[in-house]
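These are the residues of each chain, in order.
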There are 2 protein chains.
Amino acid sequence: MKTLLLKKEEVRELISMKDVIGAVEEAYKAFNSGQVEQPDYIGMHLPSPGSEIDFKLSHYKANQLISMKTSSGGFADNPTAFGLPSGMGTILLFDARSGALICVMDGSLITGLRTGAAGAVSVKVLARKDARRITFIGTGNQARMQIRAIREVMNIEEIHAWDNSADTLSRYKSDIESEFGIPVVIASSKRDAVEQADILITTTRGKGSLVEADWVRPGTHIVAIGTDQRGKQELDPEIFRNAKVVVDSIAQCSEKGETWHPLDRQIMTKDGIHGEIGELLLGNKPGRENDQEVTIFDSTGMAIQDNTTASKIYSNAVKRGVGALFEFFES
Amino acid sequence: MKTLLLKKEEVRELISMKDVIGAVEEAYKAFNSGQVEQPDYIGMHLPSPGSEIDFKLSHYKANQLISMKTSSGGFADNPTAFGLPSGMGTILLFDARSGALICVMDGSLITGLRTGAAGAVSVKVLARKDARRITFIGTGNQARMQIRAIREVMNIEEIHAWDNSADTLSRYKSDIESEFGIPVVIASSKRDAVEQADILITTTRGKGSLVEADWVRPGTHIVAIGTDQRGKQELDPEIFRNAKVVVDSIAQCSEKGETWHPLDRQIMTKDGIHGEIGELLLGNKPGRENDQEVTIFDSTGMAIQDNTTASKIYSNAVKRGVGALFEFFES
């Protein structure tokens, strides 16, 4: 049995952001079409403070592949102690017809890519058609990834950005302006940044509410990325009261997404969630219906996004003859 | 970051049965010393009838390694359709200090080895010191593995064997006699086989009770291997009524081991379980106390056994310079 091994740099070359957006859209539709088995993920906290390792599994019946992603994070001492990044990842792909391990690929890039693509997919169905200005609260790696993805689906004319670190913010401005030629305005305040937004994207570590309800203009589309665990928060839960709330997974978002907060505060009920994004993409529920409504997309991240993205990388690798074959046993 | 890759044949050469017995004993002790984090495993049923794939995880705090074993099974068409075995396995080892993936090894052999070793460890603490005759109900691969392991801890003079297939039984007799020089008596009946036993080992697929209570002589040690899922069964639950019952994990065995049956039939209560084998090995509870008692060891198999066994294979590989290094990313 031959298993394909793919390194990080090969993974990077093997997939375009357009491909990832297609893969994530496919994942969302599959999830809402009974094509996905996706058990609860297993997370383990480890002795190094704040560190953890997660295992996320999914079976996509249509492509007959099973994916298992392990990702570690929060190992703050790794760079100095071991010369390693603070988080790493690996993805295994199995053929569901035989149980065979067909691929082991580095998984450091996939979470970032498919999370960026998630924002772009939501923009397609939930942002105003005339949206041109994006505001970022939080300007780390994922705030870059969101631009890489969203520019594939809309024309971004201006970015407003806020971060609690002035250094991070000015690095972001110069990086984005040189990579994409899109002007970045450093906001004088969070409030000012939010008031400029056609699309508001929060990508912080989710340590508390950062955006107040009365700052949000009618017609804004909000992409809530940073909250993927119970206890994290980025938005004033009052924003949810009159908004159209769309999630990747009702089960996940009501337990550990941004949506948990307005549910907990009884600002809305689960029935008040408009739907899962796959339902919108399948045409079973409407997306944005007018230019006045505030829409929120709450993304906690699903294993099936890893599955469809890794499957695309794998099939591109096979097509182009990239990667090394390793025979774990002779058959 | 360099990851060590180990093939099946290398795994085979890298570990002796003595090492596996040591690793399993260490695993049991660690489990009962608060050294183990072992989440519920994830099992997925797949479209091919009877097929499944399981993911079993554990963190062993003392050696600071995390193991993740995937094992597939029940793919009956694999040999003809794909030239692959009906079940396969892979083990990943992670360094708990950094989250780094340090090893990917073939995992086809480890489940069989550590399950064999489990029987031997139980013989050390639960069989009579003068035990010489072993009876096997079921004569497949695991009935061979049990002998390979138990001969490391006692002198086996005679084997009595029963199987519902005469072919399997006669192959077993000739294999065992030529590999170990231990005479194998083909039993005239299950009852006769059981009555000859100092140690009785059941290694069938667990499709129903095979051993009646009044066949079991005082002083017999029973190793119940075949039942590792709800619905499987090998023993008349009445055997448990007056026996000393020892399990690998109370949580697992009372849910899906042989022990579930007497609990379900109210022949015994959970409190009637004498203990977990790690408690006996640590000296916190007695093993066999006289030559008359019937002892039962119910083994459902634990992820920590994979962890300590794979860790031993890994450290032997590093010591002997065996295996290939693969760099999933440059660091």
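Refer to the structure above for everything that follows.
Since the model is a prediction, treat every value here as computed from it, not as a measurement.

Chemist: So what about the overall build of chain A? Which residues, and what values?
Modeler: What chain A contains, in helices and strands, is eleven helices and 18 strands. By principal-axis analysis of the C-alpha atoms, chain A measures approximately 65 × 45 × 40 Å. Within chain A, the fraction of its 331 residues that count as buried is 59%. Summarising the internal contacts of chain A: among those between residues at least 6 apart in sequence, 71% fall at separations of at least 24. Put simply, chain A shows about 12900 Å² of open surface, and 44% of that area lies on carbon and sulfur atoms. For chain A, the distance from the average site of its 38 positive side-chain charges to the average site of its 45 negative ones is 2 Å.

Chemist: An account of the packing of helix α2 (residues 17-31) of chain A against helix α11 (residues 303-320) of chain A is needed here, citing residue identities and associated values.
Modeler: Residues and elements named next belong to chain A. Relative to each other, α2 and α11 sit at 135°, their axes nearing to 8 Å. It follows from the interaxial angle that α2 and α11 lie oblique. In terms of crossing hand, the pair formed by α2 and α11 is right-handed. For the pair α2 and α11, the contacting residues are D19, V20, A23, V24, E26, A27 and Y28 in the first and I304, Q305, T308, T309, K312 and N316 in the second. Among the residues forming the contact of α2 with α11, the class breakdown is six nonpolar, four polar and three charged.

Chemist: Outline the pairing of strand β4 (residues 52-60) of chain B, listing residues and values.
Modeler: All names here are of chain B. Most of β4 sits inside the fold, with nine of its nine residues counted as buried. A two-sided burial pattern is seen for β4, the buried positions comprising E52, D54, K56, S58 and Y60 on one face and I53, F55, L57 and H59 on the other. Alignment of strand β2 (residues 36-37) against β4, held across two bridges, turns out to be antiparallel. Looking at β4, one finds that V36 is bridged to Y60. In the sheet, strand β3 (residues 42-45) pairs with β4 via four bridges, with the strands oriented antiparallel. Bridge pairing in β4 places I42 opposite F55. The sheet contact formed by β4 and strand β5 (residues 65-73) spans nine bridges and is antiparallel. Its bridge partner lying in β5, K56 is registered against K69.

Chemist: Any details on the pattern of salt bridges? Residues and values, ideally.
Modeler: A full pass over the atoms with the stated rule returns 42 salt bridges over all chains. Here R12 of chain A ties to E9 of chain A by a salt bridge, and the two come within 3.0 Å at their closest N and O atoms. In this pair, R12 of chain A and E9 of chain A are both assigned in helix α1 (residues 8-14), three residues apart and thus about one turn of the helix distant. We classify E9 of chain A as partly exposed; its relative accessible area is 45%. The closest approach of N and O atoms between D95 of chain B and R97 of chain B, which form a salt bridge, is 2.8 Å. According to the relative accessible area criterion, D95 of chain B is buried, its value standing at 11%. Each member of the salt-bridge network shares a partner with another, and the members are R128, D130, D198 and R217 of chain A.

Chemist: Help me get a handle on the relation of the copies chain A and chain B, residues and values and all.
Modeler: Of the transformation superimposing chain A on chain B, the axial component is 0.0 Å and the angular component is 180°, with the fit at an RMSD of 0.0 Å. On the angle and the small slide along the axis, the relation comes out as a two-fold axis. Here 100% of the contact residues of chain A are again contact residues in chain B; the copies associate through an equivalent surface.

Chemist: Describe the sheet that holds strand β11 (residues 199-202) of chain B, listing the residues and the values that go with them.
Modeler: Residues and elements named next belong to chain B. With parallel pairing, the eight strands of this open sheet are ordered in space as β10-β9-β8-β11-β13-β17-β15-β16. Looking at strand neighbours, the two that pair on one side only are β10 (184-186) and β16 (275-276), the edges of this open sheet. Looking at chain direction, β11 and strand β13 (residues 221-224) are connected through four bridges and run parallel. Paired with L200 across the bridge in β13 is I222. Sheet strands touched by helix α5 (residues 141-150): β8 (133-137), β9 (158-162), β11 and β13. Its angle to β8, the strand with the most contacts, is close to 160°.

Chemist: Break down α5 of chain B for me, with residues and values.
Modeler: Taking burial as the measure, the ten residues of α5 of chain B include eight buried ones, the bulk of the element. Looking at α5 of chain B, one finds that the buried residues are Q142, A143, R144, M145, Q146, I147, A149 and I150 of chain B.

Chemist: Give me the pairing of strand β17 (residues 295-298) of chain A: which residues, what numbers.
Modeler: Residue and element names in this part refer to chain A. Taking every second residue as pointing to the same face, both faces of β17 are buried, with T295 and F297 on one and I296 and D298 on the other. Across four bridges, strand β13 (residues 221-224) lies against β17 in parallel orientation. Across the sheet, the residue bridging to V223 is F297, located in β17.

Procedures and definitions
Residues numbered from 1 in each chain as written. Chains lettered and ligands numbered in written order. Predicted model: local features only at pLDDT ≥ 70, side-chain atom pairs only at ≥ 80, totals over all residues. Heavy atoms only, no water. Helix = DSSP H or I, 4+ residues; strand = E, 2+ residues; numbered from the N terminus. Buried < 20%, exposed > 50% of the residue type's maximum accessible area, 1.4 Å probe, protein only. Contact = heavy atoms within 4.5 Å. Areas by Shrake-Rupley, 256 points an atom, 1.4 Å probe, with all protein chains shown as cover. Lys, Arg positive; Asp, Glu negative; His and termini not counted. Charge placed at Lys NZ, Arg CZ, Asp CG, Glu CD. Axes fitted to C-alpha atoms, helices over the stretch in contact; angles between N-to-C directions. Parallel < 35°, antiparallel > 145°, perpendicular 65-115°, else oblique. Left-handed = near helix turned anticlockwise from the far one by under 90°. Nonpolar A, V, L, I, M, F, W, Y, C, P; charged D, E, K, R; others polar. Pairing = 2+ DSSP bridges. Salt bridge = Lys/Arg side-chain N within 4 Å of Asp/Glu carboxyl O. Least-squares fit on C-alpha atoms with pLDDT ≥ 70 in both.

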